[in-house]
Amino acid sequence: MGIIKDRFVAKASAANAEIKELLKEHGNKKIGEVTLAQVYQGMRGITGLVTETSLLDSHEGIRFRGYSIPELQEKLPKSAHGTEPLPEGLFYLMLVGELPTKEDVDHVSAVLQRRSHVPNHVFAAIDALPLHTHPMTMFVTGVMALQTESYFSKAYSEGIAKKDYWEPTFDDALILIARLPRIAAYIYRRKYKNNEHIQPNGMLDWAGNLAHMLGYDDHGFRELMRLYMTIHADHEGGNVSAHTTHLVGSALSDPYLAYAAGMNGLAGPLHGLANQEVIKWIFEMQKELGTDEPSKDQIAEYVRKTLSAGKVVPGYGHAVLRKTDPRFTAQMEFGKTHMPDDKLVNTVWNIYETVPPILQSLGKIKNPWPNVDAHSGALLVHYGMVEYEFYTVLFAVSRSLGVLASLIWDRALGFPLERPKSVTTESVKQWLEGKAEIWGD
Ligand code: CMX
């Protein structure tokens, strides 16, 4: 791990000094105002976190250390015969803050390969769950079982100094990232493929090996995994999975505990689970209409039916974005290159043309455009992965890259325990009546 660690330390100590200066000079500057509505409505738009790895613009979409997804697709190193970026390169970029060379990426791949061995008790913990258990529950159980390996937790119990917290966090994060593909593939093969497992291939990159262990050795599927693992990795700090990982990590819970907590949040249908909901919804639509090529009129009718039943249209809308998610567009481009005639993929594109005006006409939805989850499932189904309950596990493996890079930064920058103030409606009423001016802690 030497090279990445050394480069990270150099960047982190420079950032520490810069932030100290920044706060000395501007620490009392107001960064915004908070309305009562924001306090009641999910804290939308309140700036209250620092996440160094990526930044979300509501119209442009995500930028990782300043680079958009198309820029990453162009600039990040690829595998020998591939055209999609290697996610190890994105991890390096988020961690070190600079674009990696191919040599740097190969180094990260090798570091992850060497640390990818999963101890047997992790598989035993997963095996203890009944087969009907949701894959995300199995996944988080596997991560929690792996917590026995935490260097941070051991170092803390032995009295490590605060300035050194980042180092065992760094080690834990890399080891955890290295092992997640094996855990994910084990769950998939156990639940859906007769418990027949596939050994890792030490010659493959992180995402290529995941594809291989899942049982998909098609070149297209490997490329899809590289793209998928890159675009799902991070979405700045306020989303549920990133924020939860950061929040739990702020209590100095080790990276296993913090990441598992974050992934429990990803497993919610308004967040990462939406990727399974989208395909489930399309399959139900196909069944009800009796066709796998529904017309735009039929789709519109089904969307209206979904809305009138008081349900959301999965894969559409976003808490921050106000345009089509560039992660959706990247997947659409992949579809146009690799499977332009696929019926399901074409249905996803027809839904894209149909849904936004209907949502817009409701007058209450801030963003009628598709998010990342609207497209991903159709690409997986194309290669034969129809088991949609598994999809959020793939999202979770990818998300480890962003939230764990951020957690390393949290420790290196010495970020404190997160503890915002909450109020009661009674106290709000008293404040409105002028009876209470300031809420104490
Ligand atoms: N279908 C129907 N109604 C929707 C909707 C959708 N896709 N998106 C938003 N709305 C509704 C909200 O439920 C809300 O209704 P009420 O006022 O009756 O409660 C209203 O429109 C306003 O919501 P908003 O401010 O536009 O959106 P929020 O920031 O509250 O919520 C999100 C954002 C993503 C939870 C919401 O758009 C949604 O539920 N989408 C469907 C689920 C989904 O795709 N989630 C994945 C997001 C990406 C990810 O994290 O992976």
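**Here's the deal with the overall build of the chain**
Tallying secondary structure elements over the chain gives 20 helices and two strands in all. In terms of C-alpha radius of gyration, the chain reaches 22 Å, essentially the compact-globule figure of 22 Å for 441 residues. For the chain, the spread of C-alpha atoms along the three principal axes comes to 65 × 60 × 45 Å. A buried classification covers 52% of the 441 residues belonging to the chain. Summarising the internal contacts of the chain: among those between residues at least 6 apart in sequence, 75% fall at separations of at least 24. As displayed, the chain offers around 20,300 Å² of accessible surface, 53% of which is attributable to carbon and sulfur atoms. For the chain, the distance from the average position of its 45 positive side-chain charges to the average position of its 52 negative side-chain charges is 3 Å.

**Let's talk about empty space enclosed by the protein**
Under the defined criterion, the tally for this structure stands at three cavities of 30 Å³ or more. Roughly 120 Å³ of internal volume is contained in the largest cavity. Surrounding the largest cavity, 13 residues form its lining, Gln113, Ser116, Ala178, Trp206 and Asn209 being those nearest its centre. Broken down by secondary-structure element, the contributors of at least two residues to the lining of the largest cavity are helix H5 (102-114), helix H9 (166-192) and helix H10 (206-214).

**With respect to the site of the ligand**
Taken together, 22 residues are adjacent to the ligand, and His271, Gly315, Tyr316, Lys366 and Asp373 come closest. His271 places a polar side-chain atom, nitrogen or oxygen, 2.6 Å from an oxygen atom of the ligand. At 2.5 Å, a side-chain N or O of Asp373 approaches an oxygen atom of the ligand. Each residue belonging to the shell around the ligand can be placed in one class, and the counts come to 12 nonpolar, six polar and four charged.

**Details of the environment of Tyr352**
As for its position among the elements, Tyr352 is in helix H17 (residues 343-362). Sequence separation between Tyr352 and Thr337 is 15 residues, and the spatial gap between their C-alpha atoms is 18 Å. In this structure, Tyr352 is in contact with Tyr316, Thr324, Phe328, Met332, Trp369 and Pro370, ignoring residues within four places of it in sequence.

**Remarks on the packing of helix H14 (residues 274-289) against helix H15 (residues 296-308)**
Contact geometry of H14 with H15 gives a least axis separation of 11 Å together with a crossing angle of 115 degrees. Considering their axes alone, H14 and H15 lie roughly perpendicular with respect to each other. Along this stretch, H14 crosses H15, giving a crossing that reads as right-handed. In contact with Trp281, Glu284, Met285, Glu288 and Leu289 of H14, H15 contributes Gln298, Ile299, Tyr302, Val303, Lys305 and Thr306. Among the residues forming the contact of H14 with H15, the class breakdown is six nonpolar, two polar and three charged.

**As for the layout of surface pockets**
Each pocket or cavity is described by its volume, and for the second largest pocket that value is around 210 Å³. Lining the second largest pocket we find 13 residues, and of these Ser79, Ala80, Leu204, Asp205 and Arg226 sit closest to its centre. At the level of elements, H5 and helix H11 (219-231) are the ones that each hand at least two residues to the lining of the second largest pocket. Tallied by class, the residues present in the lining of the second largest pocket amount to four nonpolar, four polar and five charged.

**Some words on helix H6 (residues 120-127)**
For an α-helix, 3.6 residues make a turn, and residues three or four places apart therefore share a direction. All buried positions along H6 are accounted for by Val122, Phe123 and Ile126. For H6, the angular spread of buried residues about the axis comes to 95 degrees, placing them on one side. Those residues of H6 hidden inside the fold are in contact with helix H7 (135-146) and H9.

**Some words on the packing of helix H4 (residues 87-96) against H5**
Where H4 contacts H5, the axes come no closer than 9 Å and their chain directions differ by 100 degrees. Classified by the angle their axes make, H4 and H5 are roughly perpendicular. Where H4 abuts H5, its residues Glu88, Gly89, Phe91 and Tyr92 lie against Asp104, Val105, Val108, Ser109 and Leu112. Residues belonging to the contact of H4 with H5 are distributed by class as follows: five nonpolar, two polar and two charged.

**Topic: the domain arrangement of the chain**
Split into domains, the chain comes out as domain 1 (54-269 + 390-410) and domain 2 (274-382). Using C-alpha coordinates to define each centre, domain 1 is positioned 27 Å away from domain 2. Taken together, the contact pairs 28 residues of domain 1 with 23 residues of domain 2. Looking at the side of domain 1 facing domain 2, the largest losses of area belong to Ser58, Leu224 and Tyr391, adding up to 27% of the total buried there.

**Let's talk about the nonpolar core**
What tends to happen in soluble globular proteins is that the nonpolar side chains get buried as a cluster. In terms of nonpolar packing, the biggest core is built from 118 residues, with Phe139 and Met225 touching the most fellow members. The residues that make up this core include at least three from each of domain 1 (54-269 + 390-410) and domain 2 (274-382). Those residues within four positions of Met225 in sequence are excluded, and the remaining contacts are Ala207, Leu210, Ala211, Leu380 and Leu394.

**So, the side chain of Thr53**
As for its placement among the helices and strands, Thr53 is situated in the loop between helix H2 (36-40) and strand S1 (54-57). Engagement of the side chain of Thr53 in a polar contact is seen with the side chain of Ser406, the distance being 3.0 Å. When residues no more than four places from it in sequence are discounted, the contact partners of Thr53 are Phe64, Arg65, Met94, Asp234, Gly402, Ala405 and Ser406.

**Side note on the side chain of Asn209**
Structurally, Asn209 can be placed in helix H10. By relative accessible area, which is 6% here, Asn209 ends up buried. Within the local environment of Asn209, its side chain forms a polar contact with the backbone nitrogen of Asn201, the two atoms lying 2.9 Å apart. In this view, Asn209 contacts Gln113, Pro200, Asn201 and Leu204; residues no more than four positions away in its chain are not counted.

Criteria and cut-off values
Residues numbered from 1 in each chain as written. Predicted model: local features only at pLDDT ≥ 70, side-chain atom pairs only at ≥ 80, totals over all residues. Heavy atoms only, no water. Helix = DSSP H or I, 4+ residues; strand = E, 2+ residues; numbered from the N terminus. Rg over C-alpha atoms; globule rule 2.2 N^0.38 Å. Buried < 20%, exposed > 50% of the residue type's maximum accessible area, 1.4 Å probe, protein only. Contact = heavy atoms within 4.5 Å. Areas by Shrake-Rupley, 256 points an atom, 1.4 Å probe, with all protein chains shown as cover. Lys, Arg positive; Asp, Glu negative; His and termini not counted. Charge placed at Lys NZ, Arg CZ, Asp CG, Glu CD. 1 Å grid on protein atoms, 1.4 Å probe; cavity = no way out; pocket = protein on both sides within 12 Å on 5 of 7 lines; lining within 4 Å. Points joined across faces, edges and corners; volume = space filled by probe spheres on them. Near = heavy atom within 4 Å. Polar contact = N/O pair within 3.5 Å; in protein donor to acceptor, adjacent residues only side chain to side chain. Nonpolar A, V, L, I, M, F, W, Y, C, P; charged D, E, K, R; others polar. Axes fitted to C-alpha atoms, helices over the stretch in contact; angles between N-to-C directions. Parallel < 35°, antiparallel > 145°, perpendicular 65-115°, else oblique. Left-handed = near helix turned anticlockwise from the far one by under 90°. Arc of directions from axis to C-beta. Domains from an automatic or database assignment. Buried area = accessible area lost by both parts, 1.4 Å probe. Core = buried A, V, L, I, M, F, W, Y, C linked by side-chain atoms within 4.5 Å.

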